[in-house]
Amino acid sequence: MKLEAAIKSALEFESRIRDLYIEAVARTDEPAGKKIFQTLADDEQRHVDYLESRLGEWQKHGKISADVLASMIPDKTAIRKTAAALQSKLSEDARGLKQQMLSRALEMEIETSRFYKEMVDQVASDHRAMFARFLEIEDNHIEAVQFELDHLSNTGFWYGFEEFDMESV
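What you see is a predicted model; the values in this text were computed from it and never measured.

(A) A look at the overall build of the protein chain. Helix and strand content of the protein chain: five helices and two strands. For the protein chain, the residues scored as buried account for 43% of the 169 residues in total. Here the analysis covers contacts within the protein chain between residues at least 6 apart in sequence; of these, 75% occur between residues at least 24 apart.

Set out below in structure tokens:
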């Protein structure tokens, strides 16, 4: 895929997931839920801004700089370190809405991550680093959303793996 088309496609993915998080902020009354969704929306907006600047640079100069893209979402290790300390205090109504929004977000984050994986495999080697960084960030988003969803639902699964009691084994 040519770089300009890849960036434009990436903008579509990032805008869609950002808009989902903005919708979740508007539909959530619970402060902790709002904070989570707002942080994710803000991070996605930074992605949109970054991609728009790279697109403009490409269209103007025929090349892009490899500026570092920071993320507001911690990496997988940090998420896992703090996971055990959290307890949900949501009402059942808030829990259901948050769970619905997180489920939609997880699907979109996975789809976006797949797109970036394809771009890493398809774009010219001198442009792969930008898409590889997006892939890393989106994988962290998946981890964060999956953690929130697992924690919220208390289904007996943790990060998609069934939990079990070591003492009963």
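(B) Seen up close, the side chain of Glu-109. Considering the arrangement of structural elements, one finds Glu-109 in helix α4 (residues 92-122). With sequence-adjacent residues up to four places away left out, Glu-109 is seen in contact with Ile-17, Tyr-21, Glu-44, Glu-138, His-141 and Ile-142.

(C) Spotlight on the environment of Glu-143. Mapped onto the elements of the fold, Glu-143 is located in helix α5 (residues 128-153). With a relative accessible area of 8%, Glu-143 lands in the buried category. Expressed as a C-alpha distance, the spacing of Glu-143 and Glu-109, which sit 34 residues apart in the sequence, is 9.6 Å.

(D) Structural view of helix α2 (residues 31-61). Taking 1.5 Å per residue, 31 residues should reach 45 Å; α2 reaches 44 Å between its end C-alpha atoms and fits that length. Following α2 by one or two positions, Gly-62 has its phi on the positive side, about 75 degrees.

(E) Representation of the pattern of salt bridges. By the definition in use, this model includes nine salt bridges. Among the ionic contacts, a cluster of salt bridges with common partners joins Glu-23, Arg-27 and Arg-104.

(F) Region of interest: the environment of Glu-107. For Glu-107, the location among the structural elements is in helix α4. Residues Glu-107 and Val-145, 38 residues apart in the sequence, show an inter-C-alpha distance of 9.9 Å.

(G) Expanded view of the packing of aromatic side chains. Overall, the coordinates contain six aromatic pairs when judged by the stated rule. Cluster of aromatic residues (ring-pair linked, three or more members): Phe-13, Tyr-50, Phe-115, Tyr-116, Phe-131 and Phe-134.

(H) Region of the structure containing the nonpolar core. Residues Ile-7, Leu-51, Tyr-116, Met-130, Phe-131 and Phe-134 are the most contacted members of the largest nonpolar core, which totals 22 residues. Elements supplying a minimum of two residues to this core: α1 (3-27), α2, α4 and α5. Of all the elements, α1 adds the most residues to this core, at six residues. Every residue in contact with Phe-131, bar those within four places of it in the chain, is listed here: Leu-3, Ala-6, Ile-7, Ala-10, Tyr-116, Met-119, Val-120 and Val-123. If you look at the next biggest cluster of nonpolar residues, it comprises 20 residues, including Ala-105, Ile-142, Val-145 and Leu-149.

(I) Structural view of the side chain of Asp-43. In this fold, Asp-43 is placed in helix α2. Arg-46 is the oppositely charged side chain nearest to the buried, salt-bridge-free Asp-43, at an N-O distance of 4.3 Å. Polar contacts involving the side chain of Asp-43 include one to the side chain of Ser-71, which spans 2.8 Å. The residues contacting Asp-43, other than those within four sequence positions of it, are Ala-70, Ser-71, Met-72, Ile-73, Ile-137 and His-141.

(J) Geometry of the confidence of the model for the protein chain. Residue-level pLDDT values for the protein chain average 80, and 76% of them are 70 or greater. For residues 83-91, every residue scores under 50 in pLDDT, and the model assigns this stretch 13 contacts once sequence neighbours within four places are set aside. For residues 156-169, every residue scores under 50 in pLDDT, and the model assigns this stretch 20 contacts once sequence neighbours within four places are set aside.

Conventions adopted
Sequence order as written defines the numbering, with residues in each chain counted from 1. Per-residue local features of the predicted model are confined to residues with pLDDT of at least 70, and side-chain atom pairs are confined, for both listing and counting, to 80 or more; whole-chain, interface and lining totals are unaffected and use all residues. To get the side-chain values, take all heavy atoms of the structure and skip hydrogens and water. In DSSP terms, a helix is any run of H or I states spanning at least four residues, a strand is any run of E spanning at least two, and both are numbered starting from the N terminus. Note on exposure labels: buried denotes an accessible area under 20% of the residue type's maximum, exposed denotes more than 50%, and partly exposed covers the range between, all computed with a 1.4 Å probe on protein chains only. Working rule for contacts: check all heavy atoms of both residues, and any pair within 4.5 Å makes them a contact. A helix is expected to span 1.5 Å multiplied by its residue count minus one. Within this document, salt bridges are pairs made up of a side-chain nitrogen of Lys or Arg and a carboxyl oxygen of Asp or Glu, the two lying within 4 Å of each other. Stacked, tilted and edge-to-face pairs are distinguished by plane angle, under 30 degrees for stacked and over 60 for edge-to-face with tilted covering the rest, among Phe, Tyr and Trp rings (Trp via its six-membered ring) whose centres lie within 6.5 Å. Residue types Ala, Val, Leu, Ile, Met, Phe, Trp, Tyr and Cys, when buried and joined through side-chain atoms within 4.5 Å, form a set referred to as a nonpolar core. When charges are counted, Lys and Arg are positive and Asp and Glu negative, with His and the chain ends excluded. Here a polar contact means two N or O atoms within 3.5 Å. Within protein one must be a hydrogen donor candidate and the other an acceptor candidate, and residues neighboring in sequence count only if both atoms are side-chain atoms. Values of pLDDT, the confidence the predictor places in each residue, fall between 0 and 100.

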